[in-house]
Amino acid sequence: MKIGLYFGTFNPVHIGHLIIANHFAEYSDLDKIWMVITPHNPFKKKKTLLDNNHRYQLVLEAVETYPKVEASTIEFNLPQPNYTSNTLAHLQEKYPQHEFCLIMGEDNLRTLHKWKNYEVILERHEIYVYPRIGEKQAKPELLNHEHVHVIDAPVVEISSTAIRKAIKEGKNCRPLLPHSVWVYIDQMNFYR
């Protein structure tokens, strides 16, 4: 099985994440999409994150009606801070029958050369890239790499940061969230 790994803090998961995940599930050669909840991104401040299990629950709620999309806690038990190359090595060992690919925005592809062991990632895994508005293009040697596939996916510019800010300010941002995610956030009084 060919599995696309869509990493994120998903703090919170929103309809933009689902649009991207569903697009890759339906319009690429990937069989499944695993939304991998990142417990700690080395480039983000940990104090801004909801608890890992709450973010996992939000993603579970969000993907409930998407049969090709799953929530994954695979990084929860790996040493922190974790790096994508370590997660990929762990997954290959645990699930040798699967082929793992990365899903990322073009902004991440542009900075891929800063990732730990990025050469190994490029050599061993396919990377599926979706466009971002106003982003500078990645270097041609990355865009034209045999393992990099730029997919004509919808351009979605919704920000989890903006959603958290809107909730804190008491603004209605429900249209940006799956209904079940909004209900969970509201009941738990998150981001206020």
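Going by the structure above, here's the rest.
Just so you know, these numbers come straight off a predicted model, no measurement behind them.

Chemist: Sorry if this is basic, but what is going on with the packing of helix 2 (residues 52–63) against helix 8 (residues 179–188) here?
Modeler: At their nearest, the axes of helix 2 and helix 8 sit 8 Å apart, and the two run at 150° to each other. Relative to helix 8, helix 2 is oriented roughly antiparallel. Residue-level inspection shows H54, Q57, L58, E61 and A62 of helix 2 in contact with helix 8, the latter providing S180, V181, Y184, I185 and M188. Of the residues in the contact of helix 2 with helix 8, the class split is six nonpolar, three polar and one charged.

Chemist: So what exactly am I meant to see when it comes to helix 8 here?
Modeler: Because an α-helix packs 3.6 residues into every turn, residues spaced three or four apart end up facing the same way. When helix 8 is considered as a whole, its buried residues turn out to be V181, W182, Y184 and I185. Mapping the buried residues of helix 8 onto a view down its axis gives an arc of 165°, with all of them on the same face. The exposed set on the far side of helix 8, more than 90 degrees from its buried face, consists of H179 and Q187. Turning to helix 8, the residues buried within the fold contact helix 2 and helix 7 (160–168). Taken from the residues just after helix 8, N189 is the one with a positive phi, measuring 60°.

Chemist: I would appreciate a short explanation of the nonpolar core in the present structure.
Modeler: Note that soluble globular proteins tend to have their nonpolar side chains buried in a common cluster. Of all hydrophobic cores here, the largest spans 38 residues; its most connected members are Y6, F24, I33, M35 and I103. At the level of elements, helix 1 (15–27), strand 2 (32–37), helix 2, strand 3 (69–72), strand 4 (99–105), strand 5 (127–130), helix 7 and helix 8 are the ones that each hand at least two residues to this core. The greatest single-element share of this core, amounting to five residues, is contributed by helix 1. In contact with M35, not counting residues within four places along its chain, are Y6, F10, V13, H17, L18, A21, V59, V63, V69, E70, A71 and S72.

Chemist: It is not clear to me how the sheet that holds strand 6 (residues 148–150) should be interpreted in this structure. Could you clarify?
Modeler: Hydrogen bonds between backbone atoms are what pair the strands of a sheet, whose relative direction is either parallel or antiparallel. Reading across the sheet, the six strands line up as 3-2-1-4-5-6 and stay open at both edges, with parallel pairing between neighbours. Edge strands, defined here as strands with exactly one partner in the open sheet, are strand 3 and strand 6. Adjacent strand axes in the sheet meet at a mean angle of 30° when their direction is disregarded. Note that strand 5 and strand 6 share three bridges and pair parallel. Bridge pairing in strand 6 links V129 to V150. Against the sheet, helix 1 engages strand 1 (2–8), strand 2, strand 3, strand 4 and strand 5, with an angle of about 150° to strand 2.

Chemist: Is there a simple way to think about the pattern of salt bridges in this case?
Modeler: Pairs may arise between side chains of opposite charge once their charged atoms sit close together. Applying the stated criterion across every chain yields a total of six salt bridges. A salt bridge links D29 to K2; its shortest N-O distance comes to 2.7 Å. Of this pair, D29 sits in the loop between helix 1 and strand 2 while K2 sits in strand 1, and the two are 27 residues apart along the sequence. Exposure remark for D29: the relative accessible area of 45% places this residue in the partly exposed category.

Chemist: Just to check I follow, could you spell out unusual backbone geometry for this structure?
Modeler: Most peptide bonds adopt trans geometry, and most residues besides glycine take a negative phi value. Looking along the chain, the bond that leaves N11 and enters P12 is cis, with omega of 5°. By secondary structure assignment, the location of P12 is in the loop between strand 1 and helix 1. For F10, which is not glycine, the phi dihedral falls at a positive 45°. Of note in the backbone geometry, N189 takes a positive phi value of approximately 60° without being a glycine. Looking at the secondary structure, you find N189 in the segment after helix 8.

So, how was this worked out
Residues numbered from 1 in each chain as written. Predicted model: local features only at pLDDT ≥ 70, side-chain atom pairs only at ≥ 80, totals over all residues. Heavy atoms only, no water. Axes fitted to C-alpha atoms, helices over the stretch in contact; angles between N-to-C directions. Helix = DSSP H or I, 4+ residues; strand = E, 2+ residues; numbered from the N terminus. Parallel < 35°, antiparallel > 145°, perpendicular 65-115°, else oblique. Contact = heavy atoms within 4.5 Å. Nonpolar A, V, L, I, M, F, W, Y, C, P; charged D, E, K, R; others polar. Buried < 20%, exposed > 50% of the residue type's maximum accessible area, 1.4 Å probe, protein only. Arc of directions from axis to C-beta. Core = buried A, V, L, I, M, F, W, Y, C linked by side-chain atoms within 4.5 Å. Pairing = 2+ DSSP bridges. Salt bridge = Lys/Arg side-chain N within 4 Å of Asp/Glu carboxyl O.

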